[in-house]
Amino acid sequence: MTTRLTVAQALVRFLAAQYTERDGVRQRLISATWGIFGHGNVAGLGQALVEYADDMPYHQGRNEQSMVHAAVGYARQSNRLSTHAVTTSIGPGATNLVTGAALATVNRLPVLLLPGDTFATRVADPVLQQLEVPYAGDISVNDCLRPVSKYFDRVTRPEALIPAALQAMRVLTDPVETGAVTLALPQDVQAEAHDWPDEFFAERTWVVRRPGADPTELAEAVQAIRSARRPLLVAGGGVHHSRAEEALAEFASATGIPVASTQAGKGSLRHDHPQDVGGVGHTGTATANELARQADLVIGVGTRWTDFTTASGTLFAADGVRFLNLNIAPYDGHKLAGTPLVADARSALQELTGALQLHAHRVTGAYVDEYTLDKERWEQRVDACYEADEPDIRPTQPQVLGALDALVDESDVVINAAGSLPGDLHKLWRARSRDQYHLEYGYSCMGYEIPAAIGVKMAAPDRNVWALVGDGTYLMMPTEIVTAVQEGIAIKLLLIQNHGYASIGGLSETVGGERFGTAYRYQSDDGTYTGAPLPVDLAANVASLGMRVLRAKTVRDLRAALEEARAADTPTCVYVETETADTVSGAPPAQAWWDVPVAETATRPSAVKARELYERHVSTRRRHL
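As the structure is a computational prediction, the values presented were derived from the model and not from experiment.

Caption draft 1: Structural view of the overall build of the protein chain. A tally of helices and strands in the protein chain yields 24 helices and 23 strands. Expected size for 625 residues packed as a compact globule is a radius of gyration near 25 Å; at 25 Å, the protein chain falls within 12% of this value. Expressed as lengths along the three principal axes of its C-alpha atoms, the size of the protein chain is roughly 70 × 70 × 55 Å. In the protein chain, of all internal contacts separated by at least 6 residues, the share reaching a separation of at least 24 is 77%. Carbon and sulfur atoms make up 52% of the accessible area of the protein chain, which amounts to about 24,500 Å² in all. Each charge sign in the protein chain was given a centre, from 56 positive and 74 negative side chains, and these centres are 3 Å apart.

As structure tokens, this is what we get:
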């Protein structure tokens, strides 16, 4: 039996019938579609979404990149088991997807991209927004999505949709391969009719596997742990994706091994778990980083070992230090010349715990006492940063975080991605639940926070979802505030005004750049941006987009505004001005290095001094072979 439908109609019907299942729980794989329509998709996918509105919910976006961010936020909150599709027209609508696609693929989060494309038949050539390539007739602007997609196909014939759609679902649901998946859809093919086999529209369930450890690799891992004197476990985002938090807590409690976390892995243990020692790496805590420097075995669980985590190869400094990498991806399992344990994080942690308990293995009491005392000292530093003795003065950025920290409970979700906030949050934030801490730091994309908060709120409508945004990030992409207002999605926006790129300003100063071009100020006579701060009113801008705004001038105001915002059932913004971009935030400085190359030759003293310091740090770098 067959059914005659357009390609776009067939695709929408197919997507509505796709499910995932893990641990016996089944859910829609593509639960909704975001779209901005133009001539490249309005008559195809636009018409199909109207035709099948009961089967495929639709959400209206304002910016193509931000639609991808919303889908990614939804996918992460859904443990990568459910996501959204995103459709755009051809031309700039399609190329605006690239940043979002890169973010999804870097962070290994599934999202389905459906950009329109130029005519497959080429009857009208060139069409509006077509990129003409003299040496190749089969290239369009959509090809720029190839390197940032885990799977890419251009559906130039109706019958080609069937294998392309099936491959797309396979990649989206593969815990190793997942990321952005792109099906480029020529506008003429979208509207073309075809007789489709009814089997194509039957419900399909994609089982997300939990592979256990290979016995040989497991035995090697157990031996490595038993022979270590100062082991340290580094929890990455894979712990969350696997829902391995309880298994990790049991492993840590049974063995006494301290657990540090990457940005993506923070919250793998609650902040008050005895074995949690906080963030690790350039933005980590002194406690975790000192343990990392002395560790003889580093157990990476679900981490990609980025340069922020390894302090650009300078952090794990002990002679003979070894790595044990528990990762579902073999590519990551072999990094840093580590012993691979290729398996699902939860399955393998449970197997490791059982095997080690057979030997009654536990680290020494002296080691536990050491990191416990160090953790207490760090918590005192956090308290000092959060404390505001004078509640009627303008808060520092850490005091803003402290006010929020004092208010939230384990049901709140805090979202951030770029600027100076990730460093402060990684060091200071006390994560109370497995998914409270939502930092996108694989791509560190300014503009992610507001649309991602919408996606998270869609996936968890009963949670309080906070988007923490600096002024630099806000000006990049505030557009989806309109979407939140339109759909009544009660996200909480905490907008911090410090008049510039505070994070890069600080980095610029340390590398001899003298904060050049990082402040939001008027130009001076010498052409530099060192004049008075710009008289922008971001709170008024937020209000103009339809969101309720609560202005806070002091610590006391801030506490009241945050409490009011948390109780609100409509989209609400708390706006607060902190120190300017050319002053310190008040958080502890970096506890580990990060490699940003400094000018090798310069005449300005700041750059010369920065180069001398850079060379000292570089001399401590090592390759783990």
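Continuing now.
Caption draft 2: Up close: the sheet that holds strand 3 (residues 25–28). Strand order in the open sheet formed by three strands is 3-2-11, and the pairing between neighbours is mixed. Of all strands in the sheet, those with a lone pairing partner are strand 3 and strand 11 (204–207), marking the two edges. Neighbour to neighbour, the strand axes of the sheet diverge by 30 degrees on average, direction disregarded. Where strand 2 (residues 18–22) lies against strand 3, four bridges are found, and the strand directions are antiparallel. By the bridge assignment for strand 3, Y19 is matched with R28. Seen against the sheet, helix 1 (residues 7–16) touches strand 2, strand 3 and strand 11 and runs at an angle of roughly 25 degrees to strand 2.

Caption draft 3: Fine view of the pairing of strand 4 (residues 30–35). Taken across its six residues, strand 4 has six buried, putting it largely inside the fold. The pairing of strand 4 with strand 6 (residues 83–88) spans five bridges and is parallel. Residue pairing in the sheet places T33 in a bridge with A85 of strand 6. As a crossover connection, the stretch from strand 4 through helix 2 (residues 42–51) into strand 5 (residues 58–60) is right-handed.

Caption draft 4: Here's a closer look at the pattern of salt bridges. Within the structure shown, the criterion is met by 36 salt bridges. For R434, the salt bridge goes to E245, with nearest N and O atoms at 2.8 Å. With R434 in the loop between helix 17 (421–428) and strand 19 (437–439) and E245 in helix 10 (residues 245–255), this pair connects stretches of sequence that are 189 residues apart. For the pair shown, R434 and E245 are each scored as buried. A salt bridge links D332 to K335; its shortest N-O distance comes to 2.8 Å.

Caption draft 5: Seen up close, the sheet that holds strand 18 (residues 413–416). With parallel pairing, the six strands of this open sheet are ordered in space as 19-18-20-21-23-22. In this open sheet, the two strands that pair with only one neighbour each are strand 19 and strand 22 (548–552). Shown here is a sheet whose adjacent strand axes are inclined to one another by a mean of 20 degrees, direction ignored. Note: strand 20 (residues 465–470) against strand 21 (residues 492–497), five bridges, orientation parallel.

Caption draft 6: Structural view of the packing of helix 16 (residues 397–405) against helix 17. Here helix 16 crosses helix 17 at 50 degrees, and the two axes come no closer than 11 Å. Considering their axes alone, helix 16 and helix 17 lie oblique with respect to each other. In the packing of helix 16 onto helix 17, the handedness of the crossing is right-handed. Mapping the contact onto sequence places Q397, P398 and L401 in helix 16 and L421, D424, L425 and L428 in helix 17. Looking at side-chain class alone, the contact of helix 16 with helix 17 contains five nonpolar, one polar and one charged residues.

Caption draft 7: View of the pairing of strand 12 (residues 231–235). The buried fraction of strand 12 is high, at five of five residues. Of the two faces of strand 12, the one lined by P231, L233 and A235 and the one lined by L232 and V234 are each fully buried. Pairing geometry for strand 12 and strand 15 (residues 297–301), over five bridges, is parallel. The residue of strand 15 that forms the bridge with A235 is V301. Two elements, strand 12 and strand 13 (residues 259–261), share three bridges in a ladder whose sense is parallel. In the strand pairing of strand 13, L233 is matched with V259.

Caption draft 8: Focus on the environment of V400. Note that V400 resides in helix 16. Distance from V400 to L562, taken between C-alpha atoms, is 9.8 Å for residues 162 residues apart in sequence. Discounting chain neighbours no more than four positions away, the residues touching V400 are P395, L494, I496, L558, V576 and T578.

Caption draft 9: Summary view of helix 15 (residues 365–386). End to end, helix 15 covers 31 Å across 22 residues, agreeing with the expected 32 Å (1.5 Å per residue, within 8%). Taken together, the buried positions of helix 15 are Y367, V368, Y371, K375, W378, V382, C385 and Y386. Buried residues in helix 15, looked at end-on, bunch into an arc of 100 degrees, giving them a common side. Seen from the open side of helix 15, the exposed residues pointing more than 90 degrees away from its buried face are A366, D369, Q380 and A384. Those residues of helix 15 hidden inside the fold are in contact with strand 12, strand 14 (276–279), helix 11 (286–294), helix 16 and helix 17.

How each quantity is defined
- Residues numbered from 1 in each chain as written.
- Predicted model: local features only at pLDDT ≥ 70, side-chain atom pairs only at ≥ 80, totals over all residues.
- Heavy atoms only, no water.
- Helix = DSSP H or I, 4+ residues; strand = E, 2+ residues; numbered from the N terminus.
- Rg over C-alpha atoms; globule rule 2.2 N^0.38 Å.
- Contact = heavy atoms within 4.5 Å.
- Areas by Shrake-Rupley, 256 points an atom, 1.4 Å probe, with all protein chains shown as cover.
- Lys, Arg positive; Asp, Glu negative; His and termini not counted.
- Charge placed at Lys NZ, Arg CZ, Asp CG, Glu CD.
- Pairing = 2+ DSSP bridges.
- Axes fitted to C-alpha atoms, helices over the stretch in contact; angles between N-to-C directions.
- Buried < 20%, exposed > 50% of the residue type's maximum accessible area, 1.4 Å probe, protein only.
- Right-handed = clockwise from strand over helix to strand, strands pointing away.
- Salt bridge = Lys/Arg side-chain N within 4 Å of Asp/Glu carboxyl O.
- Parallel < 35°, antiparallel > 145°, perpendicular 65-115°, else oblique.
- Left-handed = near helix turned anticlockwise from the far one by under 90°.
- Nonpolar A, V, L, I, M, F, W, Y, C, P; charged D, E, K, R; others polar.
- Expected span 1.5 Å × (residues − 1).
- Arc of directions from axis to C-beta.

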